[in-house]
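An overview of the molecular structure
Residue-level listing of the chains:
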Amino acid sequence: MTPHVFPDARQVAAFVADQIQTLLVEKQDAALGLATGGTMVPIYDELTRRYDNGHLRLAPASAYLLDEYVGLGCDDRQSYKRTIEQLLASRTDLSAQRVHSPDGSADDLATEARRYDRLVSEAKIDLQLLGIGGNGHLAFNEPGSSLASRTRPVELSPATVSANSRFFPSIDAVPTMAITQGLGTIRQAELLILVAFGDAKSDAVRLALEGPITAMLPASVVQLHENVVVVLDEAAASKLAVLHSA
Ligand code: PGA
């Protein structure tokens, strides 16, 4: 699994956008697995730029989000559904009706999680974008998540609440629960694209790609997938042995 390493986020985003554009040429109605978080922002900016230039058409495609906060309605500005609508659907021809996510305001979270797991499984995701947490989480699968886990309600680790507080007015406003696709659910995607920027991700990236496959580093599950593209900036890649071995 040799990563693609670029000097900056813009070039990483261009490479990832190339992968998505190629897929959409082959399969216009592709099922795109989308992620949220700061890492994804330059990628959605680049897709928007290509849409504006007439190089990309998302209308026949559909989108499935990895996760959603519990306790925020779908219309809440901080919800991941709204985030994707703002970053991509409202700026391109991707219809908001074709953006699917778990409903974090559902009364029965376990039933909602099972519904979403079935939806994602039936959709057969063609390409799944993935960020990685500094603690090695994948989506909201925190350390200790079974590598076979399915979509379910989860508690966020203190590290994740703290990391995500930058998107909220205060740390107290950050939800402490979410519904997340499980690691077993994510692994069903045809292609995984793992993206990371910055030194703060370098240890997690090294452990995910070169460490033991373990529930304590959930992103290490990508080593079990036969079709993974890893795209990093130089800082995120800086601790990888594969880049320093002769
Ligand atoms: P980030 O989050 O892109 O905001 O760093 C990634 C993640 O936590 O999975």
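Residues numbered from 1 in each chain as written. Predicted model: local features only at pLDDT ≥ 70, side-chain atom pairs only at ≥ 80, totals over all residues. Heavy atoms only, no water.

Thoughts on the sheet that holds strand S3 (residues 62-65)
An order of S1-S10-S9-S6-S2-S3-S5 is seen for the 7 strands of this open sheet, with the pairing classed as parallel. Of all the strands in the sheet, the pair left with one neighbour each is strand S1 (4-6) and strand S5 (99-100). Helix H3 (residues 80-87) contacts strand S2 (31-34), S3 and S5 of the sheet and is inclined by roughly 140° relative to S3. (Pairing = 2+ DSSP bridges. Helix = DSSP H or I, 4+ residues; strand = E, 2+ residues; numbered from the N terminus. Contact = heavy atoms within 4.5 Å. Axes fitted to C-alpha atoms, helices over the stretch in contact; angles between N-to-C directions.)

What about the site of the ligand?
All residues adjacent to the ligand are Gly-37, Gly-38, Thr-39, Gly-131, Ile-132, Gly-133, His-137, Arg-166 and Lys-201. In this structure, an oxygen atom belonging to the ligand sits 2.5 Å away from a side-chain N or O atom of Thr-39. Split by residue class, the shell around the ligand holds 1 nonpolar, 6 polar and 2 charged. (Near = heavy atom within 4 Å. Polar contact = N/O pair within 3.5 Å; in protein donor to acceptor, adjacent residues only side chain to side chain. Nonpolar A, V, L, I, M, F, W, Y, C, P; charged D, E, K, R; others polar.)

Overview of the nonpolar core
Ranked by size, the top nonpolar core spans 77 residues in total, and within it Val-16, Ile-20, Leu-34, Ile-43, Tyr-44, Leu-129 and Ile-193 carry the most contacts. In terms of residues, this core owes the most to one element, helix H1 (residues 9-26), which gives 8 residues. Every residue in contact with Ile-193, bar those within four places of it in the chain, is listed here: Val-16, Gln-19, Leu-127, Gln-128, Leu-129, Leu-130, Val-229 and Val-231. (Core = buried A, V, L, I, M, F, W, Y, C linked by side-chain atoms within 4.5 Å. Buried < 20%, exposed > 50% of the residue type's maximum accessible area, 1.4 Å probe, protein only.)

Notes on the environment of Leu-191
Tracing the backbone through its elements, the reader meets Leu-191 in strand S9 (residues 191-196). For the pair Leu-191 and Ile-125, spaced 66 residues apart in the sequence, the C-alpha separation amounts to 8.1 Å. With residues near it in sequence (within four places) discarded, Leu-191 still touches Asp-126, Leu-127, Gln-128, His-225, Asn-227 and Val-229.

Here's the deal with a nonpolar patch on the surface
Taken together, the side chains of Val-5, Val-242 and Leu-243 present a nonpolar region at the surface, about 200 Å² in accessible area. For Val-242, the location among the structural elements is in the segment after helix H8 (234-237). With a relative accessible area of 39%, Val-242 lands in the partly exposed category. (Patch = residues over 30% accessible without salt bridge, like charges linked within 9 Å, V, L, I, M, F, W, Y side chains within 5 Å. Areas by Shrake-Rupley, 256 points an atom, 1.4 Å probe, with all protein chains shown as cover. Salt bridge = Lys/Arg side-chain N within 4 Å of Asp/Glu carboxyl O.)

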